[in-house]
Amino acid sequence: MIFGRSERGKPPVEPVTLKILVAGGFGVGKTTLVGAVSEIRPLRTEELLTEAGRPVDDTTGVEGKHTTTVAMDFGRITLREDLVLYLFGTPGQERFWFMWDELTEGALGAVVLADTRRLEECFAAVDYFERRSIPFLVGVNCFEGAARYPADAVRQALDLDEDVPVVLCDARDRESVKEVLVGVVQHAMAHTADRRRTLTT
């Protein structure tokens with residue numbers, strides 16, 4: 001890069017940056033998802049679970065979990081030369097939900113991660129984005145040993161609108177996560193286009 005131009009003589013591409021939230025209940029894999037795909041070392045705000053928090057931190061089904069996000073996770077991924085996603089993982093526990101309003105400011109859309117063993121854990125996130133008309137996609141994190149259900153069965157269990165995408169994914173796998181993020185961007189763009197058409201008719 002010389003005097004603001006690339007070596008080939010072309011002006012540098014100024015990428016479009018988009019903000020995506022990763023939400024869901026306690027222990028569904030939000031931190032894992034951000035870490036799997038981020039091209040930078042993710043910023044994490046994890047603290048050890050303590051005996052004092054045992055009455056409010058239900059670890060049923062995630063007994064091996066020893067830490068929890070108390071503020072947010074942050075990561076970045078470049079999908080194309082001109083498109084960069086900033087990922088913000090929200091805290092999953094109810095006592096940290098007050099932070100969600102700050103984190104959603106300026107967000108294009110969201111991923112709501114779900115665990116079929118504890119599907120009720122993602123109800124609050126689904127409700128949150130529905131009430132604020134923020135486009136979201138439900139990513140069913142396929143944990144080892146958990147029963148697999150078709151996307152339509154998960155949609156019915158969560159009582160989702162037909163236009164909300166539901167995809168199966170592995171929060172540990174980079175390519176799987178990239179597909180989820182591309183799906184969120186596509187859904188959010190379609191949602192925005194629909195709203196514009198509604199406003200102009």
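What you are looking at is a predicted structure, and each value in this text was computed from that prediction instead of being measured.

Let's talk about the pattern of salt bridges
Pairs can form between side chains of opposite charge whenever their charged atoms are close. Under the defined criterion, the tally for this structure stands at 10 salt bridges. A salt bridge links D127 to R131, with the shortest nitrogen-to-oxygen separation between them at 2.8 Å. Taken together, the residues D127 and R131, both in helix α3 (residues 123-131) and four residues apart, mark about one turn of the helix. Notably, a salt bridge pairs D194 with R197, separated by 2.2 Å at the nearest N-O pair. Taken together, the residues D194 and R197, both in helix α5 (residues 174-200) and three residues apart, mark about one turn of the helix. On the basis of relative accessible area, D194 is assigned to the partly exposed category, the value being 39%.

Considering the nonpolar core
One finds L21, V112, F129, F136, V138, L158 and L160 to be the most contacted residues of the largest nonpolar core, which totals 25 residues. Looking at this core, the elements with two or more residues in it are β1 (16-24), α2 (100-104), β5 (109-114), α3, β6 (136-141) and α4 (151-158). Per-element accounting of this core gives the leading share, four residues, to α3. Among residues more than four places away in sequence, those in contact with V138 are V112, A114, L158, L160, V164, P165, V166 and V167. In this structure, I20, V22, V28 and V180 belong to the second largest nonpolar core, which totals 21 residues.

Notes on the pairing of strand β4 (residues 83-89)
Counted residue by residue, β4 has six buried out of seven residues, so it is predominantly covered. Taken together, the seven bridges between β1 and β4 define a ladder with parallel strand orientation. The residue of β4 that forms the bridge with V22 is G89.

Let's talk about α3
Looking only at α3, the buried set comprises A125, V126, Y128 and F129. Around the axis of α3, the buried residues are gathered within 160° of arc, so they sit on the same side. Those residues of α3 that are buried lie in contact with β1, α2, β5 and β6. Just downstream of α3, S133 is the residue with a positive phi angle, here 55°.

Parameters and conventions
Residues numbered from 1 in each chain as written. Predicted model: local features only at pLDDT ≥ 70, side-chain atom pairs only at ≥ 80, totals over all residues. Heavy atoms only, no water. Salt bridge = Lys/Arg side-chain N within 4 Å of Asp/Glu carboxyl O. Helix = DSSP H or I, 4+ residues; strand = E, 2+ residues; numbered from the N terminus. Buried < 20%, exposed > 50% of the residue type's maximum accessible area, 1.4 Å probe, protein only. Core = buried A, V, L, I, M, F, W, Y, C linked by side-chain atoms within 4.5 Å. Contact = heavy atoms within 4.5 Å. Pairing = 2+ DSSP bridges. Arc of directions from axis to C-beta.

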